[in-house]
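Descriptive analysis of the structure
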Protein chains: 2
Amino acid sequence: MASAGSQAAALGGFIARIEGEPHRAHVTFRLSAGLGGEGLTCEVPVRHHALTVDEPKSIGGGDLGPNPVEVALAALAGCQAITYRLWAAKLGVRVDRIEVDVEGDMDVRGYVGMEDAVRPGPGAVRLRVRLEGPEPPERYRALAEAADAHCPLLDFTANPVPVERVLDLGG
Amino acid sequence: MASAGSQAAALGGFIARIEGEPHRAHVTFRLSAGLGGEGLTCEVPVRHHALTVDEPKSIGGGDLGPNPVEVALAALAGCQAITYRLWAAKLGVRVDRIEVDVEGDMDVRGYVGMEDAVRPGPGAVRLRVRLEGPEPPERYRALAEAADAHCPLLDFTANPVPVERVLDLGG
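In what follows, the accompanying structure is described. What you see is a predicted model, and the numbers here were worked out from it, not measured in a lab.

Criteria and thresholds
- Once a new chain begins, its residue numbering starts again from 1 and follows that chain's sequence as written.
- Chain A is the first chain written and ligand 1 is the first ligand written, with later ones labelled in order.
- With the structure being a predicted model, the display of local features is reserved for residues of pLDDT at least 70 and the display and counting of side-chain atom pairs for 80 or more, all residues being used for whole-chain, interface and lining totals.
- To get the side-chain values, take all heavy atoms of the structure and skip hydrogens and water.
- Secondary structure is summarised from DSSP: a helix means a run of H or I of at least four residues, a strand means a run of E of at least two, and numbering begins at the N terminus for each.
- Burial classes: relative accessible area under 20% of the type maximum marks a residue as buried, over 50% as exposed, and values in between as partly exposed (1.4 Å probe, protein chains only).
- Charge counting treats Lys and Arg as positive and Asp and Glu as negative, with His and both chain ends excluded.
- A pair is scored as a salt bridge if a Lys or Arg side-chain nitrogen falls within 4 Å of a carboxyl oxygen belonging to Asp or Glu.
- Here a polar contact is recorded for every N or O atom pair within 3.5 Å, except that within protein the pair must consist of a potential hydrogen donor and a potential acceptor, and residues adjacent in sequence are included only if both atoms are side-chain atoms.
- Here, two residues are considered to be in contact whenever any of their heavy atoms come within 4.5 Å of each other.
- By nonpolar core is meant a set of buried Ala, Val, Leu, Ile, Met, Phe, Trp, Tyr and Cys residues that side-chain atoms within 4.5 Å join together.
- Axes, fitted as lines to C-alpha atoms, cover a helix only where it is in contact. Angles between the N-to-C directions of the axes lie from 0 to 180 degrees.
- Throughout, the term roughly parallel applies to angles under 35 degrees, roughly antiparallel to angles over 145, roughly perpendicular to angles from 65 to 115, and oblique to all others.
- Only Asp, Glu, Lys and Arg are considered charged in this grouping, and only Ala, Val, Leu, Ile, Met, Phe, Trp, Tyr, Cys and Pro are considered nonpolar; every other residue, Gly among them, is considered polar.
- A quick way to say it: buried area is the sum, across both parts, of accessible area lost when two parts are put together, with a 1.4 Å probe.
- A pair of strands counts as paired when DSSP detects no fewer than two bridges linking them.
- Aromatic pairing here means that ring centres of Phe, Tyr or Trp (its six-membered ring) are within 6.5 Å. Orientation follows from the plane angle: under 30 degrees is stacked, over 60 is edge-to-face, and everything else is tilted.
- A ring is considered to have a charge above it if a Lys NZ or an Arg CZ atom is located within 6 Å of its centre and within 35 degrees of its normal.

1. A look at the side chain of D54(B)
Looking at where D54(B) falls in the secondary structure, it is placed in the loop between β3 (49-53) and α2 (68-91). Of the side chains with opposite charge, R47(A) lies nearest to the buried D54(B), which makes no salt bridge, at 8.5 Å. Side chain to side chain, D54(B) and T41(B) meet in a polar contact 2.7 Å long. There is a polar contact of 2.8 Å between the side chain of D54(B) and the backbone nitrogen of L64(B). Excluding anything up to four places from it in sequence, D54(B) contacts I82(A), L40(B), T41(B), G61(B), G62(B), D63(B), L64(B), G65(B), P66(B), N67(B) and P68(B).

Next up, the structure:
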């Protein structure tokens, strides 16, 4: 656990290292998911961590983890909270508590192929960000603007990310 | 664990329930992430599951979980694998093994505010999907096309999702 001051120091050190060695700014994250012959439960190792992604039993999953859309929304909620915390440290805004509620609407007919005109992913996402602390409202509004402009998962959600896909059939 | 036949049956039952009660197609996922006064480690409950989202120690996190971009990429990898499995069942294509490798490139200068012209989220994602099984290649290519057209997280990643954000300062 880092105090706001030590958080700002950690962020400053991180920025200084990138300024000293600019190649450090370019990061590639890599991970893999596999499914054997049966079932929908995916164990996804991420470095020394692990996530379980699954589907509810209603669609034939084991419900041993959140479904993929829930996992993406959890990434968004966590990223928002972390981005507010980092940028509060950077801007010197005291925040005692950050709560981020996320809702995502999905019409599952797209996913299961019942309706070609329906997109397969969520069609709308809503965020409610609650901030507690002693600063005047305009300071928190400025923080929210900075967080909106710099949150990786808000960008990932709201804007297209180019995806290339290769199919490997062996042989 | 469901066999391919029972997976197809589960999916068929799911579709039949939605056809019988169309309002079931419209799902809203809800979750929340909170951060107290210090640190970057987010515990995110999702129904009866829980995810931990964190940052590496280099940026002041506790490294108790994958970072938000890794979590989103894990959602994508898992969603691809599950979508291939579901659509293989739907199309009657036998697949013995599905492996999905995901890479995501990010220039972290956007996130930490070093370079306004750099987007804060990942700028490119690459997928490698390996399929093993006894079917001829054209069957797997058709499966890949169906999966690409119906994967919720591929849609989420490659296309914009409208996001509304409300700031709640209490009082």
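Text resumes after the structure shown.
2. Topic: the pattern of salt bridges
The tally for this structure, following the rule as stated, stands at 32 salt bridges over all chains. For R47(B), the salt bridge goes to E70(A), with nearest N and O atoms at 2.7 Å. Of the two residues, R47(B) sits in the loop between β2 (42-46) and β3 while E70(A) sits in helix α2 (residues 68-91), which places them in two different chains. A relative accessible area of 44% places R47(B) in the partly exposed class. When the shortest N-O distance is used, the salt bridge between D168(B) and R128(A) registers 3.5 Å. With D168(B) in strand β6 (residues 163-168) and R128(A) in strand β5 (residues 124-132), this residue pair bridges two chains. On the basis of relative accessibility, which here comes to 36%, the residue R128(A) falls in the partly exposed class. Shared partners join several salt bridges into a network, and the residues in it are R30(A), E103(B), D105(B) and R126(B).

3. Points about the nonpolar core
Generally speaking, a soluble globular protein has its nonpolar side chains buried in company with each other. By size, the foremost hydrophobic cluster in this structure holds 108 residues, and its most contacted members are V44(A), V102(A), L143(A), L153(A), V44(B), V102(B) and L143(B). Ignoring sequence-local partners within four residues, the contact set of V102(B) consists of F29(A), R30(A), L31(A), L73(B), L76(B), A77(B), V125(B), R126(B) and L127(B).

4. So, the packing of helix α1 (residues 4-20) of chain B against α2(B)
Residue and element names in this part refer to chain B. Closest axis-to-axis distance for the α1/α2 pair is 8 Å, and the angle between their directions is 90°. Here α2 runs roughly perpendicular to α1, going by the angle between their axes. Residues A4, Q7, A8, L11 and I15 of α1 touch α2, and the partners they reach there are L86, A89 and K90. Across the contact of α1 with α2, the residue classes break down as 6 nonpolar, 1 polar and 1 charged.

5. What about the interface of chain B and chain A?
Across the contact, 125 residues belong to chain B and 125 residues belong to chain A. Both sides together, the interface formed by chain B and chain A hides about 11400 Å², and carbon and sulfur atoms give 62% of it. In this structure, the connection of chain B to chain A is made through 12 salt bridges. Top element by residues in the side of chain B that touches chain A is α2(B). It accounts for 19 residues. When its residues are assigned to classes, the side of chain B that touches chain A shows 69 nonpolar, 25 polar and 31 charged. As judged from the 6 bridges shared by strand β6 (residues 163-168) of chain A and strand β5 (residues 124-132) of chain B, these two strands associate in the parallel manner. The partner of V163(A) across the bridge, within β5(B), is V125(B).

6. Section: the sheet that holds β5(A)
Strand order in the open sheet made by the 4 strands is β1(B)-β4(A)-β5(A)-β6(B), with mixed pairing throughout. Edge positions in the open sheet fall to β1 (26-35) and β6 of chain B, since each of these has one partner strand only. The sheet shows a mean angle of 15° between the axes of neighbouring strands, taken without regard to direction. The pairing of strand β4 (residues 97-107) of chain A with β1(B) spans 10 bridges and is antiparallel. The partner of E103(A) across the bridge, within β1(B), is R30(B). Relative to the sheet, α2(A) contacts β4 and β5 of chain A together with β1 and β6 of chain B, its axis offset from that of β1(B) by approximately 30°. Its contacts with the sheet put helix α3 (residues 137-150) of chain A on β5 of chain A together with β6 of chain B, and the angle it makes with β6(B) is roughly 155°.

7. Quick word on the packing of aromatic side chains
All told, the structure shown has 1 aromatic pair over all chains when counted by the stated rule. With a centroid separation of 6.1 Å and 40° between ring planes, the pair formed by F156(A) and F156(B) is classed as tilted. Taken together, the residues span two chains, with F156(A) in helix α4 (residues 152-158) and F156(B) in helix α4 (residues 152-158). One Lys or Arg, K90(A), reaches over the ring of W87(A) and ends 5.1 Å from the middle of that ring.

8. Thoughts on the sheet that holds β6(A)
Read from one edge to the other, the open sheet built from 4 strands follows the order β1(A)-β4(B)-β5(B)-β6(A), with strand pairing classed as mixed. Both outer strands of the open sheet, β1 (26-35) and β6 of chain A, are each paired with one neighbouring strand and no more. The average undirected angle you get between the axes of adjacent strands in this sheet is 15°. Those strands touched by α2(B) are β1 and β6 of chain A together with β4 (97-107) and β5 of chain B, and its axis lies near 30° from that of β1(A). Contacting β6 of chain A together with β5 of chain B, helix α3 (residues 137-150) of chain B crosses the sheet at an angle of about 155° to β6(A).

Geometric descriptors of this kind do not, in isolation, establish any biological role.
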